[in-house]
Amino acid sequence: MILKALYDYYQAMAKLGKVASPGMEWKAIPFVIVIDEDGTFRRVIDTRDKEHKQGREYLVAKAKERQGKNSYAIAQILWDHAGYVLGTPKDDSKKEQVMAPKQHEAFKLELTKLRELFPENKGFKAIELFYKKYEEKKEEERSDLFAEEVKDLSNIIPEDILLEIKKKVGANISFLLSTESNPNKLISSHEDIQSYQAGGAEEEGEDKGRCLVTGEEGIIARKHDGISLIGAPQANPKLISFQKSSGYDSYGKEQGLNAPISQTASDAIISGLNMLLGKDKNTNYRIGETTFVFWNTLQDYELLKVYQEATFTGLPFDSDFDDEEEEATSTSKKESAKKRDPEKETKVVIQALRSALGSKNAYIDQDHSDRFYILALAPNAKRVSVKLWMEGTVSEIVGNTLAHLDDMNIVSLKGLLDEEIPPLRPIYRIMKAIYTATDSTKWPRQVVQELLESIIKGLPYPPALQMACLERIHHDHTTKYPVTELRAALLKAYINRKHRKNPQIKQLTMALDKSNSNPAYLAGRLFALLERIQEKAIPGVKANITDRYFRTASATPGIIFGRLLQLSAFHLSKIKKEQGGLGYYFDRQIQEVLELLPGGQATFDKFFSPDQQSIFAVGYYHQKAYRDQKDENEATETEQETEN
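What you are looking at is a predicted structure, and each value in this text was computed from that prediction instead of being measured.

Each helix and strand counted, the protein chain has 22 helices and 11 strands in total. With an accessible surface of roughly 32,100 Å², the protein chain has 48% of that area assigned to carbon and sulfur atoms.

This is how it looks when you write it as structure tokens:
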């Protein structure tokens, strides 16, 4: 199913004219050398800009795989890094110093081959003359016109450009004719190369058979190309591969013949996946070592953009720039984010998702024509591991995403709540809120995958997520109040999803529920009130009861609450003496909670389970968010008026 879906994606893109011809691919080329038809050097164009951080993409011959001790002899067709194109090392290592001259010779051999096949091609001839012109200068005697002998091609490239090329290790370089009217048509993009590549693809296979992907007869690919997966230990790891003579062969077949896929289908599958994996595209997102790829049969890129924002990234507002994102985000981008309207942009995302909904189905409909696919890939030595594969109708997966956002909706600590437009709760933010590591590669890969799967299928969140959130709350000494909005939202959603069909567990609401008599919820409310009483009695206290007792109160309430109420009695007495009515206001608040408990007493179980601890945290958060400053002020003012 994965290969067929990728093949179909490539075919859909081909119909839209957005894919490269056979044997070709779109490649980022950050540096382009401009030459005349007689080989005279003119200038170097740096194609990088804000939109193309890695350089503009050009249509070039598909990259050849390089591996083994003689990999230096494999040159790309009229594009490659500095070692091949200029004969200068791509970095300062001794190995590259030795390899660069060999790589350059391999590049020129590839050029010679093309010159023999296409003797009339002006671009190929110009590159040959470019090299020849400066080879001749090497042999000339030194003259006063030259400060030093031209030893290699680096002497003809401006020093500032050379420095830029060296900064970007392995940067691709190619050529452009100064007479070419189309600036996007490099010499390496010429039609002669396209025809050369198309012919070469047909000659690669020797065995014919029926393709398992298309069902058609064709030349079977023995080996499959690699993909462009960020984070892979080796370049171009393979999604499809068979290890030769290692127990995977059957019926005397070797390599790709064991699971026959035509060369045409193989090229389409790899090209389609590489398109989806393109940098800065709305069709992929990387968390840790896992890259999530997603696409749909509607070819709706606006839908993919909002899906990425809702599920993975969120919106880049000013509060989001911290830790590892801070380092990777430019000042201009952060300034731009400050000018954006969070509420308005969140509303746009939610409405776009809702507009994609047709009818919601309670199961994955395999026959519906509009499909949505999600694929998770992770590097594994020279190969790629498939960590997750999910598909469903567009309405199912988008509908479940919206359900996730609704479940995670909760009142803010400022008391604000929008039931119609819930805030975005992307996976990246959730994981960052519950794990201390700021580096996503250190987050448990399995938890990320299980969380995504639960969102896609509309299932309960993984228990490991709950435990990690509780652990973070209990050991968070960096924030004043460890139960943040996102952590409370996560625990609320976890409990509601887990117990949705259990009538004995009341669903947790978005804001304070004064009718909820769950002992754990009431214990959380009571603890928030005791915390507030201490804050009013001892303003600016350095270590409050939350710092000292939150973990104990949520895990072993039957042991600690008696002591907490005794301490609070002293705090209430102080408030009544100094602020009068406010103390009695807090008395009423506490009594309101106690009346919902059996016997009207703060008697709780000796121990709370993880689910009860989660409900405790939500009750605590709800009570804090409900805190009515107006009521507190009125209680104080009423007492002052009585005294006057």
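What follows deals with the sheet that holds strand 5 (residues 173-177). Taking strand neighbours across the sheet as the criterion, the 3 strands line up as 3-2-5 in an open arrangement whose pairing is mixed. Each edge of the open sheet carries a strand with a single partner, namely strand 3 (41-46) and strand 5. In this sheet, adjacent strand axes meet at a mean angle of 25° when their direction is disregarded.

Taken together, the buried positions of helix 18 (residues 545-555) are occupied by I545, T546, Y549, F550, A553 and S554. Down the axis of helix 18, the sector holding all buried residues measures 135°, keeping them to one side. Here the buried face of helix 18 lies against helix 15 (463-475), helix 17 (519-537), helix 19 (557-579) and helix 21 (610-626). A side-chain oxygen of the first residue of helix 18 lies 3.1 Å from the backbone nitrogen of T546; this N-cap is N544.

As a further point, take the sheet that holds strand 10 (residues 371-380). Taken together, 4 strands build an open sheet; the order of strands is 8-9-10-11 and the sheet is antiparallel. Strands at the two margins of the open sheet, each flanked by one partner only, are strand 8 (284-287) and strand 11 (383-393). Neighbour-to-neighbour, the strand axes of this sheet turn through a mean angle of 20°, independent of strand direction. Relative to strand 10, strand 9 (residues 290-296) runs antiparallel, the two being bridged by 6 bridges. Along strand 10, the bridge assignment pairs T291 with L377.

Let us look at the packing of helix 13 (residues 427-434) against helix 16 (residues 485-498). At their nearest, the axes of helix 13 and helix 16 sit 10 Å apart, and the two run at 105° to each other. Between helix 13 and helix 16, the interaxial angle falls into the category roughly perpendicular. Judged by residue contacts, R429, I430, A433 and I434 of helix 13 engage L486, R487 and L490 from helix 16. Here the residues of the contact of helix 13 with helix 16 sort into 5 nonpolar, no polar and 2 charged.

Moving on, we get to the pairing of strand 4 (residues 57-61). Most of strand 4 is tucked away: 4 of the 5 residues are buried. Pairing analysis gives 5 bridges linking strand 1 (residues 24-28) to strand 4, with the strands arranged antiparallel. Following the sheet pairing, W26 is matched in strand 4 by L59.

Across the protein chain, the average pLDDT comes to 84, with 85% of residues at 70 or higher. Throughout residues 141-151 the model reports pLDDT below 50, and contacts reaching past four residues in sequence, or to other chains, amount to 10 contacts. This stretch, residues 201-205, has a pLDDT under 50; its non-local contacts, to residues over four places away or in other chains, come to 6 contacts.

We now examine the packing of aromatic side chains. In the structure shown here, the tally under the stated rule is 24 aromatic pairs. Ring centres of Y307 and F312 lie 6.3 Å apart, and the angle between their planes is 75°; this geometry places the pair in the edge-to-face category. For Y307, a relative accessible area of 0% translates into the label buried. Ring pairs connect the aromatic residues Y285, F292, F294, Y307, F312 and F372, which therefore count as one cluster. Taking NZ or CZ as reference, K102 lies 5.3 Å from the ring centre of Y72, over its face. We note K624 situated over the ring of Y481; from NZ or CZ to the ring centre the distance is 3.5 Å.

So, on to empty space enclosed by the protein. Summed over the entire model, instances satisfying the criterion amount to 3 cavities of 30 Å³ or more. In this structure, the second largest cavity occupies an estimated 40 Å³ of space. L530, Q534, I545, L564, L567, S568 and H571 together form the lining of the second largest cavity. Here the element with the most residues in the lining of the second largest cavity is helix 19; it accounts for 4 residues. For the lining of the second largest cavity, the per-class residue count stands at 4 nonpolar, 3 polar and no charged.

Any two side chains of opposite charge can pair, on the condition that their charged atoms come close. According to the stated counting rule, one finds 33 salt bridges in the structure shown. Where K498 meets D611, a salt bridge forms, and the shortest distance between an N and an O atom there is 3.0 Å. Linking K498 in helix 16 with D611 in helix 21, this pair joins segments that are 113 residues apart in sequence. Linked by salt bridges that have partners in common, D46, R48, E164 and K167 make up one network.

This part takes up a negative patch on the surface. Taken together, the side chains of D341, E343, D406, D418, E419 and E420 define an acidic patch exposed on the protein surface. By secondary structure assignment, the location of E420 is in the loop between helix 12 (394-407) and helix 13. Judged by relative accessible area, E420 falls into the exposed class, the value being 55%.

Burial in helix 5 (residues 159-167) covers these residues: I161, L162 and I165. Seen from one end, helix 5 has its buried residues packed into an arc of 100°, which puts them on one side. In helix 5, those exposed residues whose orientation departs by more than 90 degrees from the buried face are E159, D160 and K167. Packed against the buried residues of helix 5 are strand 2 (31-35), strand 3, helix 2 (82-85) and strand 5.

Rules used throughout
Residues numbered from 1 in each chain as written. Predicted model: local features only at pLDDT ≥ 70, side-chain atom pairs only at ≥ 80, totals over all residues. Heavy atoms only, no water. Helix = DSSP H or I, 4+ residues; strand = E, 2+ residues; numbered from the N terminus. Areas by Shrake-Rupley, 256 points an atom, 1.4 Å probe, with all protein chains shown as cover. Pairing = 2+ DSSP bridges. Axes fitted to C-alpha atoms, helices over the stretch in contact; angles between N-to-C directions. Buried < 20%, exposed > 50% of the residue type's maximum accessible area, 1.4 Å probe, protein only. Arc of directions from axis to C-beta. Contact = heavy atoms within 4.5 Å. Polar contact = N/O pair within 3.5 Å; in protein donor to acceptor, adjacent residues only side chain to side chain. Parallel < 35°, antiparallel > 145°, perpendicular 65-115°, else oblique. Nonpolar A, V, L, I, M, F, W, Y, C, P; charged D, E, K, R; others polar. pLDDT = per-residue confidence, 0-100. Phe/Tyr/Trp six-rings, centres within 6.5 Å; stacked < 30°, edge-to-face > 60°. Lys NZ or Arg CZ within 6 Å of the ring centre and 35° of its normal. 1 Å grid on protein atoms, 1.4 Å probe; cavity = no way out; pocket = protein on both sides within 12 Å on 5 of 7 lines; lining within 4 Å. Points joined across faces, edges and corners; volume = space filled by probe spheres on them. Salt bridge = Lys/Arg side-chain N within 4 Å of Asp/Glu carboxyl O. Patch = residues over 30% accessible without salt bridge, like charges linked within 9 Å, V, L, I, M, F, W, Y side chains within 5 Å. Lys, Arg positive; Asp, Glu negative; His and termini not counted. Charge placed at Lys NZ, Arg CZ, Asp CG, Glu CD.

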